[in-house]
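A structural walkthrough
Spelled out from the first residue to the last, the chains are:
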Amino acid sequence: MASGAELAGKRIVLVVTGGIAAYKSAELTRLLIKQGAEVQVVMTEGAKAFITPMTFQALSGKPVRDSLLDPAAEMGMGHIELARWGDVILVAPATADAIAKVTAGLADDLFSTIVLARRCPLIIAPAMNQAMWANPVTQANVTRLQQLDPSILVWGPDEGDQACGDVGPGRMVEPLVLCESLVAHFCVDKPLSGKRVVVTAGPTRERIDPVRYISNDSSGKMGYSLAKAFSDVGAEVVLVSGPVAIPVPQGVKVSQVESAEEMRLSSLQALEEGCDIFVATAAVADYRPATAADQKVKKSADSMTIELVRNPDILSEIAGLKNPPYCVGFAAETQDVVAYAQQKLARKKLKMVIANDVSRSDIGFNSDHNAVTLITNENVETLPRLSKPALADVLVKHIIAGYQKAL
Ligand code: PMT
């Protein structure tokens, strides 16, 4: 199993019910914590006969919850808070009695109440004597439960030697396997897990002298929103950012640059470490002063001419590499938006261009919103005006679909 924090940020309610496999849940807690999860253990009275709450408290770093009526909780409704807290509820081990209770919809203790009040997925890891598991009542309960709520997952039981001396199905799935299955469960929503994405964002500054530069109004909001959206779907994201005044999204690596040339070098360096998707959101200055003065330029004549030279086109260079990543460009246009963007798609050899009309003041540069047209060789699709974070989520879905199709 990968040693990284595969469950970082995930909140897991681990319900331990009263079976001999309860001792294995201590190891499960340790593995979940090692993977970065936040674990809140809930124990039934039966579970406490097999293992002490102190063991779970030490491993999870949180006091075990075992009481339905919690005077410490606001409004005395700790069970409802807990039901809403988790990203998943895992009942491991789940005894025959626990499964029967869940199927019947009882709510007479903390465990059964949070299961009934939950909004998150429920996973059950049965553990019991093989005859109890084989009993038609238990089998009917499991079948009924999944008929009532097909989203409920039942993992196990495994077959093998049992604590009571019997052999057969009824053993709780091993903690390592449960932990791996949870990682895989959360990965379903992380289609870019294991992939690297490089995003350029913000403006560049092209120096005239130590205190003056040529730049533009890009705030970085579009690029930073995309970086977050890519990170949310599991990608490792490197943000190559020009000077902006917004915070870097959590979990995203950033390389701060100033000029187009610095952005180019930093992007190429990020690519060397691996890049599956490259998204150029930055408003890179097309020209820079031919020379940047070492000292502040003094006023003299009534007019002054600054000679400008072309900057390298970072996106074109990367899309033209021998084995380029999946390259997506933006097109900032003020007229004939789609036609100019289509020309950029062909000229820069891109897979997708996201065109925005930057003549509008309610979208584009420095706005909290944007409205774009998505252009590929096969399709032109106009998306509605959205906040930049919401738009980024939509764009990432389209980019993933295109990337997967191109594989
Ligand atoms: O940062 P915000 O305030 O949120 O605003 C977002 C935005 C308007 C800057 C963004 O949505 C956008 O349109 N970015 C692209 C701006 C731009 O420079 O477009 P362009 O049409 O000039 O360039 C085409 C593409 O080539 C872009 O992907 C650009 O990043 C890239 N390029 C351009 C020039 C250059 N020298 N190197 C490049 O990589």
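Structural data are supplied above this passage.
Residues numbered from 1 in each chain as written. Predicted model: local features only at pLDDT ≥ 70, side-chain atom pairs only at ≥ 80, totals over all residues. Heavy atoms only, no water.

**Some thoughts on the site of the ligand**
The ligand sits among 27 residues. The nearest are Ser218, Ser219, Ala282, Lys344 and Asn356. Between an oxygen atom of the ligand and a main-chain N or O atom of Met222, the distance comes to 2.8 Å. Here an oxygen atom of the ligand and a backbone polar atom of Ala332 are 3.2 Å apart. Notes on the ligand: free accessible area 770 Å², of which the protein chains cover 96%. Here the ligand occupies the largest pocket. (Near = heavy atom within 4 Å. Polar contact = N/O pair within 3.5 Å; in protein donor to acceptor, adjacent residues only side chain to side chain. Areas by Shrake-Rupley, 256 points an atom, 1.4 Å probe, with all protein chains shown as cover. 1 Å grid on protein atoms, 1.4 Å probe; cavity = no way out; pocket = protein on both sides within 12 Å on 5 of 7 lines; lining within 4 Å. Sits in = over half its atoms within 2 Å of the grid points.)

**Describing the layout of surface pockets**
Unoccupied space between atoms shows up once a probe the size of one water molecule is rolled over them. Computed from the structure, the largest pocket encloses a volume of approximately 930 Å³. Contributing elements (two or more residues each) for the lining of the largest pocket: α10 (221-232), β13 (277-280), α12 (314-319), β16 (326-333) and α13 (337-347). Taken together, the residues of the lining of the largest pocket sort by class into 17 nonpolar, 16 polar and 8 charged. (Points joined across faces, edges and corners; volume = space filled by probe spheres on them. Helix = DSSP H or I, 4+ residues; strand = E, 2+ residues; numbered from the N terminus. Nonpolar A, V, L, I, M, F, W, Y, C, P; charged D, E, K, R; others polar.)

**A word on the packing of helix α1 (residues 22-34) against helix α9 (residues 175-187)**
Across the interface, α1 lies against α9 with an axial gap of 9 Å and an inter-helix angle of 40 degrees. One way to sum up the angle between α1 and α9 is to call them oblique. Our pair here, α1 against α9, has a crossing hand that is right-handed. The residues of α9 that touch α1, namely those facing Lys24, Glu27, Leu28, Leu31 and Leu32, are Pro175, Leu176, Leu178, Cys179 and Leu182. Its residues assigned to classes, the contact of α1 with α9 comprises 8 nonpolar, no polar and 2 charged. (Axes fitted to C-alpha atoms, helices over the stretch in contact; angles between N-to-C directions. Parallel < 35°, antiparallel > 145°, perpendicular 65-115°, else oblique. Left-handed = near helix turned anticlockwise from the far one by under 90°. Contact = heavy atoms within 4.5 Å.)

**Quick notes on a nonpolar patch on the surface**
Where nonpolar side chains cluster on the molecular surface, the patch consists of Tyr287, Met304, Ile306 and Leu308 and spans about 370 Å² of accessible area. Classification of Ile306 as partly exposed rests on a relative accessible area of 34%. (Patch = residues over 30% accessible without salt bridge, like charges linked within 9 Å, V, L, I, M, F, W, Y side chains within 5 Å. Salt bridge = Lys/Arg side-chain N within 4 Å of Asp/Glu carboxyl O. Buried < 20%, exposed > 50% of the residue type's maximum accessible area, 1.4 Å probe, protein only.)

**Considering the packing of aromatic side chains**
Given two aromatic rings, their pairing is described by the distance between the two centres and the angle made by the two planes. Using the criterion set out here, one finds 1 aromatic pair in the structure. Plain terms: the ring middles of Tyr326 and Tyr403 are 6.1 Å apart, the flat faces sit at 80 degrees to each other, and that makes the pair edge-to-face. Taken as a pair, Tyr326 in strand β16 and Tyr403 in helix α14 (residues 388-406) lie far apart in primary sequence, 77 residues in all. When its relative accessible area of 7% is taken as the criterion, Tyr326 is described as buried. Taking relative accessible area as the criterion, Tyr403 reaches 7% and is therefore assigned buried. (Phe/Tyr/Trp six-rings, centres within 6.5 Å; stacked < 30°, edge-to-face > 60°.)

**What about the sheet that holds strand β2 (residues 38-43)?**
Taken together, the 5 strands give an open sheet; going across it, the order is β2-β1-β3-β4-β5, and neighbouring strands pair in parallel fashion. Either end of the sheet is taken by a strand with one partner, and the two such strands are β2 and β5 (153-154). Two elements, strand β4 (residues 122-126) and β5, share 2 bridges in a ladder whose sense is parallel. Each bridged residue has a counterpart across the sheet, and for Ile123 the counterpart in β5 is Leu153. The strands touched by helix α3 (residues 53-60) within the sheet are β1 (11-16) and β2, with β2 carrying the most contacts at an inclination of about 170 degrees. (Pairing = 2+ DSSP bridges.)

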